[in-house]
Amino acid sequence: MAILGEKEYFKGIGDIPFEGKDSDNPLAYKFYNPDQMVAGKTMREHFKFAMAYWHTLCGTGGDPFGPGTRSFPWMASTDPLQAAKDKADAAFEFITKMGFDYFCFHDFDLVEEADTLSESEKRVEQIVEYLKEKMAASGVKLLWGTANLFSHPRYMNGAGSNPNFDVVARAGAQLKIALDATLALNGENYVFWGGREGYMSLLNTRMQMEQDNIGRLMRMARDYARGQGFHGTFFIEPKPMEPMKHQYDFDAATSINFIREQGLEADFKLNIEVNHATLAQHTFQHELQVAANAGMLGSIDANRGDYQNGWDTDQFPNNVLETAEALLVFLKAGGLQGGGINFDAKTRRNSTDLEDIFIAHIGGADTFARALLVADAVMQNAQYNHLLDQRYASFSSGKGADFVSEKLQLTDLYDYSKTVGEPKQISGKQELFENILNQHL
Ligand code: XUL
Ligand code: CO
């Protein structure tokens, strides 16, 4: 049920219903049916859909070539706290009309940063009190909080990786305030996305020292939050570049190595973003699989990029085939560990109607729902399972099984190979696997 503030911001739009795939109502779900059971859980439980505060409430459509194209009605007040409350009202109206259960924020998405640290802290504390009331009234929860340690000019040389200790300390102070806010709102997780943690030129960079300093800051954050009773998970969100030429959390494999090197593996997992995978020249499903293999598939930032221009376009997901391949990995991994699906996506600069924000999120949720149904069907497809089992059958018995249970030595491979001769050619059957997936679309 929609929770409204003093004003209704999205007039004429009610709670978004599920109407099924034959509906021609643009403001209805065609595939996302929250209470429908799939593979032992409801769609709602599988996904834990979240609204991203920054794109949905703060993004007015500016790009490097021109200003924003939208003037949101919740941005009218010149008093920062009133503007923050109006934004919170709009946020909760939107989340509850969508039927989502979660949201995610950066500290200064909630309220404008002030001139001093103390004044900023006071503002964050005040808006957190207001958000508590909205959350209690609606039942909406906080999937994760984070600190914006990349926009302010003071972080131009990085936050945790800054060569100036005073900036590192300031990042730590801001991190503490963001953690306090996340804890006060019972946040289920906390995210680190290292926007400017990387380098533009190695000529002026001590990479090892910068990475160790980020590790120190993360261990401090973990120890502080655990001391305050935080039981959630910390996530690192990999991204290879943009804004930096090279970012330290390049991709899932690099970030897992960092987590282990810095002794953070008991508390940290990954938040995988679709287009960050694309920018790293990986598929989304590759990044999910790497995270799952390490037991670190924590959460997802859902969006998509553009295969032609290579920008971080943060478009809403709409490719069912690709999402189905990703959700096959997701289902096989047993879902996410603590996280959910956060729509880290924005409408295009020329999509200027307020209803476009709804239409975009509906499309994203429907893409995931439809892809989940496809992935579930493929998982249950006997032919698919048989093909995959067959492909690895040589490790299930005989010498192959001995190899897997580490009973063989190199000389055993030598002896065995002499008796077998040239191995038989076995097709990988990729086109057949692809056809089976398409058959379930
Ligand atoms: C930037 C990005 C961030 C993180 C949170 O590319 O994805 O919005 O998700 O800081
Ligand atoms: Co993101």
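Further up the page is the structure itself.
Conventions and cut-offs
Residues numbered from 1 in each chain as written. Chains lettered and ligands numbered in written order. Predicted model: local features only at pLDDT ≥ 70, side-chain atom pairs only at ≥ 80, totals over all residues. Heavy atoms only, no water. Helix = DSSP H or I, 4+ residues; strand = E, 2+ residues; numbered from the N terminus. Expected span 1.5 Å × (residues − 1). Buried < 20%, exposed > 50% of the residue type's maximum accessible area, 1.4 Å probe, protein only. Near = heavy atom within 4 Å. Polar contact = N/O pair within 3.5 Å; in protein donor to acceptor, adjacent residues only side chain to side chain. Areas by Shrake-Rupley, 256 points an atom, 1.4 Å probe, with all protein chains shown as cover. 1 Å grid on protein atoms, 1.4 Å probe; cavity = no way out; pocket = protein on both sides within 12 Å on 5 of 7 lines; lining within 4 Å. Sits in = over half its atoms within 2 Å of the grid points. Nonpolar A, V, L, I, M, F, W, Y, C, P; charged D, E, K, R; others polar. Patch = residues over 30% accessible without salt bridge, like charges linked within 9 Å, V, L, I, M, F, W, Y side chains within 5 Å. Salt bridge = Lys/Arg side-chain N within 4 Å of Asp/Glu carboxyl O. Axes fitted to C-alpha atoms, helices over the stretch in contact; angles between N-to-C directions. Parallel < 35°, antiparallel > 145°, perpendicular 65-115°, else oblique. Left-handed = near helix turned anticlockwise from the far one by under 90°. Contact = heavy atoms within 4.5 Å. Phe/Tyr/Trp six-rings, centres within 6.5 Å; stacked < 30°, edge-to-face > 60°.

A. Examining helix α3 (residues 80-98) more closely. Taking 1.5 Å per residue, 19 residues should reach 27 Å; α3 reaches 27 Å between its end C-alpha atoms and fits that length. The element α3 is largely enclosed, with a buried count of 16 among its 19 residues. Of the residues trailing α3, G99 is marked for its positive phi of about 75 degrees.

B. Representation of the site of ligand 1 in the model. Near ligand 1 you find W54, H106, W144, W193, E237, K239, E273, H276, D301, D312 and D344, and these make up its full shell. E237 places a side-chain nitrogen or oxygen 2.7 Å from an oxygen atom of ligand 1. K239 is positioned with one of its side-chain polar atoms (N or O) 3.1 Å from an oxygen atom of ligand 1. Bound to the protein, ligand 1 loses 93% of the 290 Å² it would expose on its own. Its atoms largely coinciding with the cavity grid, ligand 1 occupies the largest pocket. Split into classes, the residues belonging to the shell around ligand 1 amount to three nonpolar, two polar and six charged.

C. Inspection of a nonpolar patch on the surface at higher detail. Taken together, the side chains of Y392, F395, F403, V404, L410 and L413 present a nonpolar region at the surface, about 630 Å² in accessible area. If you list the elements that add at least two residues to the nonpolar patch, you get α14 (398-404) and α15 (410-420). As for its position among the elements, V404 is in helix α14.

D. Structural detail: the packing of helix α8 (residues 252-261) against helix α10 (residues 284-293). Axis separation between α8 and α10 bottoms out at 9 Å; the angle between their running directions is 25 degrees. Accordingly, the angle class assigned to the pair α8 and α10 is roughly parallel. Once α8 is placed against α10, the crossing between them reads as right-handed. Taking contact as the criterion, the partners of A252, A253 and I256 in α8 are, on α10, E287, V290 and A291. Classifying every residue of the contact of α8 with α10 gives five nonpolar, no polar and one charged.

E. Highlighting the packing of aromatic side chains. Per the stated rule, a full pass over the model turns up 29 aromatic pairs. Centre to centre, the rings of F49 and F100 are 5.4 Å apart; their planes meet at 40 degrees, and the pair counts as tilted. Placement of the pair is F49 in strand β3 (residues 49-52) and F100 in the loop between α3 and β4 (102-106), with a sequence separation of 51 residues. In terms of burial, F49 and F100 fall into one category: buried. Taking the centre distance of 5.9 Å and the plane angle of 20 degrees together, the rings of F192 and F268 count as stacked. With F192 in strand β6 (residues 189-192) and F268 in strand β10 (residues 268-273), this pair connects stretches of sequence that are 76 residues apart. In this structure, F192 and F268 share a single accessibility class: buried. Counting every residue linked through ring pairs, the aromatic cluster contains Y29, Y32, F47, F49, F100, F316, F343 and F368.

Interpretation in functional terms is not warranted from these geometric data alone.
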